[in-house]
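# Descriptive analysis of the structure
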Amino acid sequence: MPAVAVDERRARVADLIGDRPLSARSVLATALLGADQPHLKVGELVDMAALFGISDGAARTCLWRMASAGELVGDDGTYALAGRLLERRQRVDDASRIDDTDLPPWDGTWELAVVSMERRPATDRLALRKAASALHLGELREGMWLRPDNLERNRLPSMRAVLDQQCVHFHRAETDIPAETVRSVFRLDDWAVDARRLTTAMRDELDVEALDAEDFAYQFALSIAAVRHLQLDPLLPAELIPRRWPARAMRNTYRRFDEVFKRRLNSSFR
């Protein structure tokens, strides 16, 4: 593919992947999150970081700091995910592998989480917002989160604990939530637009042959953006999603892209 055409295509999704340099932590965490097993040798991680201009010393220092923070555990020259990053890997795996057909039938029940604490510090409010997002709840209005009750209730226990601490829960059959409200609460139109853009971008990269460090950095950032976007899929039942919903196409494309990208990386640093 001509370099000009590649640059033009990549520019179309620049706002989705961002243009900030990848940090050592982002590179190392993403490498472990995307590995076939959630652990890699120190040498492999250092070589991976070098592809993105991160020095040996900076990579090793970052690994030590991540281990000190409880995000990694080290054993005999190998680092493995731990704590929040290990749970995040579960979310990444679920986001990339789940299929619409994997969801159980929906019986019409809605899950509601209503904030029950009168005063909350900003840190608690932020924690609740992150937890609700990870659990695929949408904010109907300030202090009220909801979603169709079509997912496993005990999913992501640490995130569920945040909701349990700050909210009271209700499960009820509700039939008068308009389709437009669902589209707005879960930002379905915006999600679909960005999903199609990312899907096209990943398909374009499958045809790129000669890769340099800049190409790897772009594809790495694209992979991160795709995973983050898949995690924002609200996983609504078929009754509530618009026609031609692009989630399945994006997941299928991501799996192909991820396989090709990992193969390219492995051949470059091993």
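Below you will find a few notes about this structure. Please read these numbers as outputs of a predicted model, since none were measured by experiment.

Okay, the sheet that holds strand E5 (residues 138–141) next. An order of E5-E6-E4-E7 is seen for the 4 strands of this open sheet, with the pairing classed as antiparallel. Strands with a single pairing partner mark the edges of an open sheet, and in this sheet they are E5 and strand E7 (167–173). Taking each pair of neighbouring strands and ignoring which way they run, the sheet shows an average axis angle of 30 degrees. Bridging between strand E4 (residues 109–115) and strand E6 (residues 144–148) involves 5 bridges; their strand directions are antiparallel.

It is worth spelling out the pairing of E6 at this point. In terms of burial, E6 is largely enclosed, as 5 of its 5 residues are buried. With 3 bridges joining them, E5 and E6 adopt antiparallel strand pairing. Residue pairing across strands places Glu139 opposite Trp145, the latter belonging to E6. Joining the antiparallel neighbours E5 and E6 is a turn of 2 residues, in which Gly143 adopts a positive phi near 85 degrees.

Right, let's get into the sheet that holds strand E1 (residues 39–41). Across the sheet, which stays open at both edges, the 3 strands sit in the order E1-E3-E2 with antiparallel pairing between neighbours. Edge positions in the sheet fall to E1 and strand E2 (72–75), since each has one partner strand and no second. Going across the sheet, the axis of each strand differs from the next one's by a mean of 25 degrees, ignoring polarity. Relative to strand E3 (residues 78–81), E1 is paired through 3 bridges, and the arrangement is antiparallel. Residue pairing across strands places Lys41 opposite Thr78, the latter belonging to E3.

Turning our eyes to something else, we now look at the nonpolar core. It is characteristic of soluble globular proteins that their nonpolar side chains tend to be buried jointly. Ranked by size, the top nonpolar core spans 34 residues in total, and within it Met202, Leu222 and Met250 carry the most contacts. Mapped by element, the contributors of at least two residues to this core are helix H6 (83–97), E4, E6, helix H9 (179–185), helix H10 (188–205), helix H11 (213–231) and helix H12 (247–269). Ignoring any residue separated from it by four or fewer positions in sequence, one finds Met250 in contact with Trp191, Ala195, Leu198, Thr199, Met202, Ala226, His229 and Leu230. Core analysis: the next-biggest nonpolar cluster, separate from the first, contains 30 residues, Ala29, Ala35, Phe220 and Phe261 among them.

Before going further, it helps to spend a moment on the packing of aromatic side chains. Ring pairs (aromatic) are described by centroid distance and by the angle formed between their planes. One pass over the full model with this rule turns up 4 aromatic pairs. Measuring from centroid to centroid gives 6.0 Å for Phe257 and Phe261, while their planes differ by 5 degrees, and the two rings are stacked. Within this pair, Phe257 and its partner Phe261 are both found in helix H12, separated by 4 residues, close to a single helical turn. Phe261 carries the same exposure label as Phe257, and that label is buried.

A few words on the packing of H10 against H11. Axis separation between H10 and H11 bottoms out at 10 Å; the angle between their running directions is 150 degrees. Crossing handedness for the pair H10 and H11: left-handed. In contact with Trp191, Asp194, Ala195, Leu198, Ala201, Met202 and Glu205 of H10, H11 contributes Tyr218, Gln219, Leu222, Ala225, Ala226, His229 and Leu230. Here the contact of H10 with H11 is composed, by residue class, of 10 nonpolar, 2 polar and 2 charged.

A cluster of like negative charges, contributed by Asp7, Glu8, Asp212 and Glu214, occupies part of the molecular surface. On the secondary structure map, Asp212 appears in the loop between H10 and H11. The class of Asp212 is partly exposed, set by a relative accessible area of 43%.

Here Ile98 is to be found in the loop between H6 and E4. Classification of Ile98 as partly exposed rests on a relative accessible area of 21%. Between the alpha carbons of Ile98 and Thr30 there is a distance of 20 Å; along the sequence they are 68 residues apart. Discounting chain neighbours no more than four positions away, the residues touching Ile98 are Asp93, Leu103, Leu235 and Arg251.

Parameters at a glance
- Residues numbered from 1 in each chain as written.
- Predicted model: local features only at pLDDT ≥ 70, side-chain atom pairs only at ≥ 80, totals over all residues.
- Heavy atoms only, no water.
- Pairing = 2+ DSSP bridges.
- Helix = DSSP H or I, 4+ residues; strand = E, 2+ residues; numbered from the N terminus.
- Axes fitted to C-alpha atoms, helices over the stretch in contact; angles between N-to-C directions.
- Buried < 20%, exposed > 50% of the residue type's maximum accessible area, 1.4 Å probe, protein only.
- Core = buried A, V, L, I, M, F, W, Y, C linked by side-chain atoms within 4.5 Å.
- Contact = heavy atoms within 4.5 Å.
- Phe/Tyr/Trp six-rings, centres within 6.5 Å; stacked < 30°, edge-to-face > 60°.
- Left-handed = near helix turned anticlockwise from the far one by under 90°.
- Nonpolar A, V, L, I, M, F, W, Y, C, P; charged D, E, K, R; others polar.
- Patch = residues over 30% accessible without salt bridge, like charges linked within 9 Å, V, L, I, M, F, W, Y side chains within 5 Å.
- Areas by Shrake-Rupley, 256 points an atom, 1.4 Å probe, with all protein chains shown as cover.
- Salt bridge = Lys/Arg side-chain N within 4 Å of Asp/Glu carboxyl O.
- Lys, Arg positive; Asp, Glu negative; His and termini not counted.
- Charge placed at Lys NZ, Arg CZ, Asp CG, Glu CD.

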